[in-house]
Amino acid sequence: MVRLLALDPVAIGDLLWTPLLIIILKVVAIFAIGLLVTMFMVWFERKAIAGMQNRIGPNKAGPWGLLQTLADGIKLFFKEDLLPDRADRFVFKLAPYLAFVPAFLVWSVIPLGGDFSDGKNGIVTWFGEQTRVQLADPPVGILLVLALSSIAVYGIMLAGWSSGSKYPLLGSVRASAQMVSYEAALGLSIATVLLLAGTLSTSGIVANQDGFTNWHVVSTGVVPFIIFLLAATAELNRPPFDLVEAEQELVGGFNTEYSSIRFGLFFLAEFMNTVTMSGIIVTLFWGGPQGLFDIPIIPGAIEGTIWFIAKVLLFLYVYVWFRATLPRFRYDQLMDLGWKILIPMSLGWFMLMAALRLGRDQDWNQAVVAIVSAAVLIVCAGLISMAMKVSRANREREGATF
Amino acid sequence: MGQYLPVVALLIVGVLFGVLSFIASRLLAPRRPSVAKEAPYECGILPSREPPERFPVSFYIVAMLFIMFDIEIIFIYPFAVARQELGAFAFWEMLAFSSVFFLTFVYVIARGALDWGPIARARRLSDAVSSDRTSSSTIRRVGLEGRLDAEQAA
Amino acid sequence: MELVVFVIAAAMVIVGALGVILRPNPVHAALSLVLTLFGVAVHFVALEAHFLAAVQVIVYAGAIVVLFLFVIMLLGVDRTEDISIEPFKVQRPMALVVGVGVIGLVTAAVSSSRDAIGRGNGLEIPTVTGDNDSNVRQIARSVFGDYVVAFELTSVLLVVAVVGTVMLTRRIKTGKGES
């Protein structure tokens, strides 16, 4: 077998028994962690929102109601599975997989831990084999996440279409246009991170962020992080961007016609995506498993995992907080935010960062570069606002109602 | 390809999980389909309208623009990753590329392709809606005329 | 190992391609197209062209087929059609001629360049140095180095596509008529 292009040392070379065993262990572990964490996330969201609304929330099943999600999940198994007679049977059955499997696969590229201090690059030794605390480190790295999120669009789009019912159809058309729009903003804000990291691999991106000032949230200047956070929220169809399931208008959105475990898989995918997206945010912008300081006693490899979990929890809380606080966007506001603000802004910021980096490499005067770039960006912003005025004037003249 | 092996394994495990859940649900759940249950959801009434046959063209424009930006993104990524070895010339290339993109985008916005829904009314609709109408002015204008209790008091 | 991957990917491509032309429902046909594109992506991975594989999925499966599906839903043609009815009489004979022609051309190209593929075609073979990104760096060198003109022309091509779309779909009415 040829030597493989790889960064996870365990998967290089011939697959002997020990590496194979490690890979199997990792797959099983990731699978179990994925399901458990999603269960926990559902509980956490319900409990946190209950707290914010002065309620108690789930408290019967298990300690602090922790097993509530499990109980709900088991209940779904005993519910009748309906297949609407207008449904396109094949696609109707396929759609839950298209939503659920990509959600699972995102786990594979998130570095869940590892010691990144002193140039160790997160490599740990298990059973005498060097490996990473992440399922796989394929050369496409972060592109895998983008690819999977573009597959996830199909799950929602086809679920709505195949139901043969009007609310799911409306919900899915809205949802796919929304996800597609924000994927552009998402991709452009990742580009700024790649500019600094100089690599696509997620472990490389984490290794690049040693020390707080090197965390990409700081070194890219906060703006790409904010764009990414907003775009990710929209990509997840979470409040305030949950137009997909706007209950007042669309009953339940794309999954109205789904029941039993089919619905369960959509539900699982939704919450798992929330967790993995928080993981991606932490990986890209907040240093992943890199800590701010050394925790005494605990060995380096476990320390990374502790930091990672702490950061992910922070973002999960932010998502819950969004949900409890912010009212839902209107569809035109959503599209305006995505296309007219986030996308031009992320593109502009990318070019600004590229110019600053180039200026540093070429020993240009940084101040001059910054001023010129700022001037260009202001002109661009002016152009966009002029364009919006022109469009507005045209529509007012037409009495536009489209 | 070795790096993708765990990903493929996870894919298989995920699909298996889905299939097994379906089988479990098939075994555990009751199956008593009825006409009402299988009808399209309409809050319990009989559907009176077919699902929409056609959608606004704006969705098509969004998908088209997304292709444009997707291609921009996939050109930006190699540039971002290999910036250091490419040097200044590549930056100017990227700038030219992005400028063309940006100007097209400005045209698209100016043309109203990304406008959704009716325009927000900035113009004053009528005298009935204006900022100088406050609660105090309105009440004063109505006055006491025609109010029985007020006339009796007078 | 490589043979297994190749066979699976090839099967995906062929089954998908057959599905595109044989499924009577346009949405099913579009989904079959996604399967074909995935098969091609797997082939790219097998050839160590990781970046291209990702692009294949992101752009083709993620954007272009989504556009197709939008068009299908937009026009309300997502119903099953009888594919034995032929709207244009010349369509099928022409398709046959073109298909056979393409197969002939590909066969000719492969058979005439078999030696070249064996020799590595004089191309620089990527050096595997454990660098995860050698693939994407090489593409960057080609796109921003050797093929600058093509790269810049791509932007013009996209401009044409987008401006065309907008021109066709958003006509500004010049009259003052209230609709």
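(A) Fine view of the overall build of chain B. Across its full length, chain B holds seven helices and zero strands. Relative to its 154 residues, chain B shows a buried fraction of 36%.

(B) Geometry of the overall build of chain C. The helix and strand tally for chain C stands at seven helices and zero strands. Secondary structure elements of chain C occur, N-terminal to C-terminal, as α-α-α-α-α-α-α. Nonlocal contacts in chain C, meaning residues at least 24 apart in sequence, comprise 51% of its contacts between residues at least 6 apart.

(C) Main features of the interface of chain A and chain B. Chain A puts 85 residues into the contact, and the matching count from chain B is 63 residues. Counting residues per element, the ones that place at least two in the side of chain A that touches chain B are α1 (17-52), α3 (89-105), α5 (166-197), α10 (260-285), α12 (331-361) and α13 (366-398) of chain A. Partitioning the side of chain A that touches chain B into residue classes produces 56 nonpolar, 13 polar and 16 charged.

(D) Focus on the domain arrangement of chain C. Split into domains, chain C comes out as domain 1 (1-82) and domain 2 (133-171). Inter-centroid distance (C-alpha atoms) of domain 1 of chain C to domain 2 of chain C is 22 Å.

(E) Region of the structure containing the environment of A:Arg360. Tracing the backbone shows A:Arg360 in helix α12. It is 47 Å that separates the C-alpha atoms of A:Arg360 and A:Glu396, two residues lying 36 residues apart in sequence.

(F) Structural detail: the interface of chain B and chain C. Taken residue by residue, the interface counts 38 residues in chain B and 37 residues in chain C. Of all elements in the fold, only α3 (58-81), α4 (83-86) and α5 (88-110) of chain B reach the threshold of two or more residues within the side of chain B that touches chain C. Among the elements that take part in the side of chain B that touches chain C, α3(B) stands out by supplying 17 residues, more than any other. Residue composition of the side of chain B that touches chain C, grouped by class: 30 nonpolar, two polar and six charged.

(G) Structural context of the nonpolar core. Formed by 198 residues in total, the largest nonpolar core has its most connected members in A:Ala99 and A:Ile281. Top element by residues in this core is α3(B). It accounts for 20 residues. If near-sequence neighbours (up to four positions away) are discounted, A:Ala99 is found in contact with A:Ala152, A:Gly155, A:Ile156, A:Ala159, A:Leu265, A:Phe266 and A:Ala269.

(H) Broad picture of α5(B). All names here are of chain B. Along its 23 residues, α5 runs 33 Å from first to last C-alpha, staying within 8% of the 33 Å computed at 1.5 Å per residue. Among the residues of α5, Ala 90, Phe 91, Met 94, Phe 97, Ser 98, Phe 101, Thr 104, Phe 105, Val 108, Ile 109 and Ala 110 are the ones counted as buried. Gly 112 lies just past α5 and shows a positive phi near 85°.

(I) How the structure looks around the packing of α1(A) against α10(A). Residue and element names in this part refer to chain A. Packing of α1 against α10 brings their axes to within 9 Å, and their N-to-C directions diverge by 95°. Taken together, the axis directions place α1 and α10 in an arrangement best described as roughly perpendicular. Across the interface between the two elements, Gly 34, Val 37, Thr 38, Met 41 and Val 42 from α1 touch Leu 268, Phe 271, Met 272, Thr 274 and Val 275 from α10. Residues that form the contact of α1 with α10 fall into these classes: seven nonpolar, three polar and no charged.

(J) Spotlight on unusual backbone geometry. All names here are of chain A. Residue Pro 240 is reached from Pro 239 by a cis peptide bond, and omega for that bond is 5°. Despite not being glycine, Asn 237 shows a phi value in the positive range, around 60°. Along the chain, Asn 237 turns up in the loop between α8 (223-235) and α9 (247-250). On the basis of neighbour counts, which here come to 24 C-beta atoms within 10 Å, the residue Asn 237 falls in the buried class. Of note in this structure, Asp 363 is not a glycine but carries a positive phi near 60°.

(K) Structural context of α3(B). End to end, α3(B) covers 34 Å across 24 residues, agreeing with the expected 34 Å (1.5 Å per residue, within 8%). Judged by how many residues are buried, α3(B) sits mostly within the fold: 24 of 24 residues are covered.

Criteria and thresholds
- Residues numbered from 1 in each chain as written.
- Chains lettered and ligands numbered in written order.
- Predicted model: local features only at pLDDT ≥ 70, side-chain atom pairs only at ≥ 80, totals over all residues.
- Helix = DSSP H or I, 4+ residues; strand = E, 2+ residues; numbered from the N terminus.
- Buried ≥ 20, exposed ≤ 12 C-beta atoms within 10 Å, placed from the backbone.
- Contact = placed C-beta atoms within 7 Å.
- Nonpolar A, V, L, I, M, F, W, Y, C, P; charged D, E, K, R; others polar.
- Domains from an automatic or database assignment.
- Core = buried A, V, L, I, M, F, W, Y, C linked by C-beta atoms within 7 Å.
- Expected span 1.5 Å × (residues − 1).
- Axes fitted to C-alpha atoms, helices over the stretch in contact; angles between N-to-C directions.
- Parallel < 35°, antiparallel > 145°, perpendicular 65-115°, else oblique.

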